[in-house]
Amino acid sequence: MSLIRLEPPGDKSITHRALVLAALAEGRSELTHALTSLDARSMARALRALGVAVSPLRAGATVAVTGRGLSGLADPRRALHCGNSGTTARLLLGVLAAHPFAVRLTGDASLRRRPMRRVTVPLAAMGARFEELRGDGLPLVVRGGTLRPLDYQMPVASAQVKGALLLAGLAGRVPVGVSEPAPSRDHTERMLAALGVPLVNRPGRAALSPVERLPAFTLRIPGDPSSAAFLMAAALIAGGRGVLLENVGINPTRAGVLAVLQRMGARLEIVPKGTALGEPVGDVIVRPSDLKACRVEAAEVPAVIDEIPVLAVLASRARGTSVFEEVGELRVKESNRLELLARNLRAVGVGAEAQGDSLWVEGSDRPPRGRVETAWDHRLAMAFAVLGAVPGARVRLSEKDSVAVSYPGFFEDLRAVVSRGKTAG
Ligand code: S3P
């Protein structure tokens, strides 16, 4: 039987970085297949407030960005609202650390609760100043200026922190080295290297040497493997015919979900197709499969950090008990994903437990039934929508609108994948 063919939306992490790098470049950059979701729009809006010309983010449109040079952003003279987007807030803190004016950053209720000291502490060591208005989180005021070089050992593996520090070095024209306990996604490093910035990028270590200017660029943004993961999961367990996902980012520091799915026994093929600004891209074919339980260990967690919700849902349909170790970072995502995953899985009849920093999920073939509280977290909504598409399931989501944060067309694509099943209501 023929496969359903879909192209997932543009990668969220790469769209954020492409917008920021284009803003710091000299001249006009052009992005195609950029993500147009609420999070990407938060970044575009903030950059416009900083004086950067960014054309509207509309599905199918080329996004044109006129860069202002490495430290040429303008004083916005008002607060920057980062919406739900942690990546917008943290990457911009890095860039603003090198600009000689004060900016107040804020966000929605979820973002205001998320920790920012992980970024502001090392940026303060470089010479930037911060005023917290409500403890460790937003709103806060950043006052940038001339920066000192930094060599920093990050206590947690975080691509947002690493990216912010590299961007501070780039915009402030000072060397920055960052080591991390496990390799996090290396999009910033790959893109900067592809644009000619001298950079060391090896697992667990990134180091940037300063440059005087960054060239404008064109980029077709790869499909988002995190968004694609929901479609892969639906193809595996929700009774469709299988999918061919085109032009998906397959960077191993990001798309660890592919390796975990293969260990779980997924019938999955990866067809590499080339690279875009240093980012590997390929087609991914997924067919309905019987899954076995998985164990995800600490070193692998950063490469699957956004896919734990959907992997936990898949684990609930697999043979045996799965364990996700050292996933405490899930507590400080768009919601407390660790607690909510365990609680929502139990709410639909699955055995699940968050113990310390680990998550345990028991597989079962009983149809999941019950109500799920998404806490307005897009990835929880999409993960449980996939579970709700399993034959016989009756899963009610507290809301569905949050999917617009990263994947506005999600429900339509889910329906296409499970066209012989049903979707959550
Ligand atoms: C991101 C990094 C990850 C991820 C987030 C996007 C990025 O966060 O959870 O959705 O674009 O750098 P951390 O690196 O802070 O874990």
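Scroll up to find the structure this text is about.
If you're wondering where the values come from, they're calculated on a predicted model, not measured in any experiment. (Residues numbered from 1 in each chain as written. Predicted model: local features only at pLDDT ≥ 70, side-chain atom pairs only at ≥ 80, totals over all residues. Heavy atoms only, no water.)

Participant: Would you mind going over the pattern of salt bridges with me for this structure?
Facilitator: Side chains that carry opposite charge are capable of pairing whenever their charged atoms lie near each other. Applying the stated criterion across every chain, the model contains 28 salt bridges. The partner of Glu-269 in a salt bridge is Arg-287, and the shortest N-O contact between them spans 3.1 Å. In this pair, Glu-269 is assigned in strand 15 (residues 267-276) and Arg-287 in strand 16 (residues 279-287), connecting sequence segments 18 residues apart. Residues joined by salt bridges that share partners form a network here, namely Arg-114, Arg-185, Asp-306, Glu-334, Arg-337, Asp-377 and Arg-379. (Salt bridge = Lys/Arg side-chain N within 4 Å of Asp/Glu carboxyl O. Helix = DSSP H or I, 4+ residues; strand = E, 2+ residues; numbered from the N terminus.)

Participant: Help me understand the sheet that holds strand 13 (residues 218-220), please; the structure alone is not making it clear to me.
Facilitator: Taken in spatial order, the 4 strands of this open sheet run 3-4-2-13, and their pairing is mixed. The open sheet has two edge strands, strand 3 (53-54) and strand 13, and neither has a second partner. With 3 bridges connecting them, strand 2 (residues 26-32) and strand 13 associate as parallel partners. Within strand 13, the residue paired with Glu-30 across the bridge is Thr-218. Across the sheet, helix 1 (residues 12-24) is in contact with strand 2, strand 3, strand 4 (63-68) and strand 13; its angle to strand 4 comes to roughly 45 degrees. (Pairing = 2+ DSSP bridges. Contact = heavy atoms within 4.5 Å. Axes fitted to C-alpha atoms, helices over the stretch in contact; angles between N-to-C directions.)

Participant: Would you mind showing me how to read the site of the ligand here?
Facilitator: Residues in close proximity to the ligand include Ser-13, Arg-17, Thr-87, Ser-158, Ala-159, Gln-160, Arg-185, Ile-305, Asp-306 and Lys-333, which together make up its full environment. Contacts to the ligand include Lys-333, whose side-chain N or O atom sits 2.7 Å from an oxygen atom. When the ligand is considered free in solution it has 380 Å² of accessible area, and contact with the protein chains removes 96% of it. When atom positions are compared with the pocket grids, the ligand is found to occupy the largest pocket. Going through the elements one at a time, helix 1 and helix 6 (159-172) are the ones with two or more residues in the shell around the ligand. Broken down by class, the residue content of the shell around the ligand amounts to 2 nonpolar, 4 polar and 4 charged. (Near = heavy atom within 4 Å. Polar contact = N/O pair within 3.5 Å; in protein donor to acceptor, adjacent residues only side chain to side chain. Areas by Shrake-Rupley, 256 points an atom, 1.4 Å probe, with all protein chains shown as cover. 1 Å grid on protein atoms, 1.4 Å probe; cavity = no way out; pocket = protein on both sides within 12 Å on 5 of 7 lines; lining within 4 Å. Sits in = over half its atoms within 2 Å of the grid points. Nonpolar A, V, L, I, M, F, W, Y, C, P; charged D, E, K, R; others polar.)

Participant: What should I look at first to understand the layout of surface pockets in this one?
Facilitator: To locate leftover empty space, one rolls a probe as large as a water molecule over the atoms. Estimated volume of the largest pocket: approximately 580 Å³. Around the largest pocket, the lining is made up of 35 residues, and of these Ala-157, Ser-158, Ile-305, Glu-329 and Lys-333 lie nearest the centre. Among the elements of the structure, helix 1, helix 3 (86-96), helix 6 and helix 10 (301-304) are those that each provide at least two residues to the lining of the largest pocket. Across the lining of the largest pocket, the residue classes break down as 12 nonpolar, 7 polar and 16 charged. (Points joined across faces, edges and corners; volume = space filled by probe spheres on them.)

Participant: Is there a simple way to think about empty space enclosed by the protein in this case?
Facilitator: Summed over the entire model, instances satisfying the criterion amount to 1 cavity of 30 Å³ or more. Of the pockets and cavities examined, the largest cavity occupies roughly 30 Å³. Grouping the amino acids of the lining of the largest cavity by side-chain chemistry returns 3 nonpolar, 3 polar and 3 charged.

Participant: Got a minute to help me understand the packing of aromatic side chains in this structure?
Facilitator: Geometry of an aromatic ring pair is reported as the spacing of the ring centres plus the angle between the planes. Inspection of every chain in the model, using the stated rule, returns 3 aromatic pairs. When the ring of Phe-410 is compared with that of Phe-411, the centres are 5.0 Å apart and the planes differ by 70 degrees; the resulting orientation is edge-to-face. Here Phe-410 matches Phe-411 in class, with each residue buried. Members of the aromatic cluster, joined through ring pairs, are Phe-230, Tyr-407, Phe-410 and Phe-411. Over the ring of Phe-411 we find Lys-400, and its NZ or CZ is 5.2 Å from the ring centre. (Phe/Tyr/Trp six-rings, centres within 6.5 Å; stacked < 30°, edge-to-face > 60°. Buried < 20%, exposed > 50% of the residue type's maximum accessible area, 1.4 Å probe, protein only. Lys NZ or Arg CZ within 6 Å of the ring centre and 35° of its normal.)

Participant: Hey, could you run me through helix 1 in this one?
Facilitator: Owing to its 3.6 residues per turn, the α-helix brings residues three or four apart onto one side. The end-to-end C-alpha separation of helix 1 is 19 Å, in line with the 18 Å expected for 13 residues at 1.5 Å each. With 13 of its 13 residues buried, helix 1 lies for the most part within the structure. Residue Asp-11 occupies the N-cap position of helix 1, its side-chain oxygen lying 2.9 Å from the main-chain nitrogen of Ser-13. (Expected span 1.5 Å × (residues − 1).)

Participant: I tried to follow helix 6 on my own but got confused; where do I start?
Facilitator: The first and last C-alpha atoms of helix 6 sit 19 Å apart over 14 residues, in line with the 20 Å expected at 1.5 Å per residue. With respect to burial, helix 6 is a largely interior element, 13 of its 14 residues being buried.

Participant: For this particular structure, what's the right way to read a positive patch on the surface?
Facilitator: Among the surface-exposed residues, Arg-41, Arg-45, Arg-48, Arg-58 and Arg-78 lie close enough to one another that they form a single positively charged patch. Here Arg-45 shows up in helix 2 (residues 38-49). Take Arg-45: its relative accessible area is 40%, and that puts it in the partly exposed class. (Patch = residues over 30% accessible without salt bridge, like charges linked within 9 Å, V, L, I, M, F, W, Y side chains within 5 Å. Lys, Arg positive; Asp, Glu negative; His and termini not counted. Charge placed at Lys NZ, Arg CZ, Asp CG, Glu CD.)

Interpretation in functional terms is not warranted from these geometric data alone.
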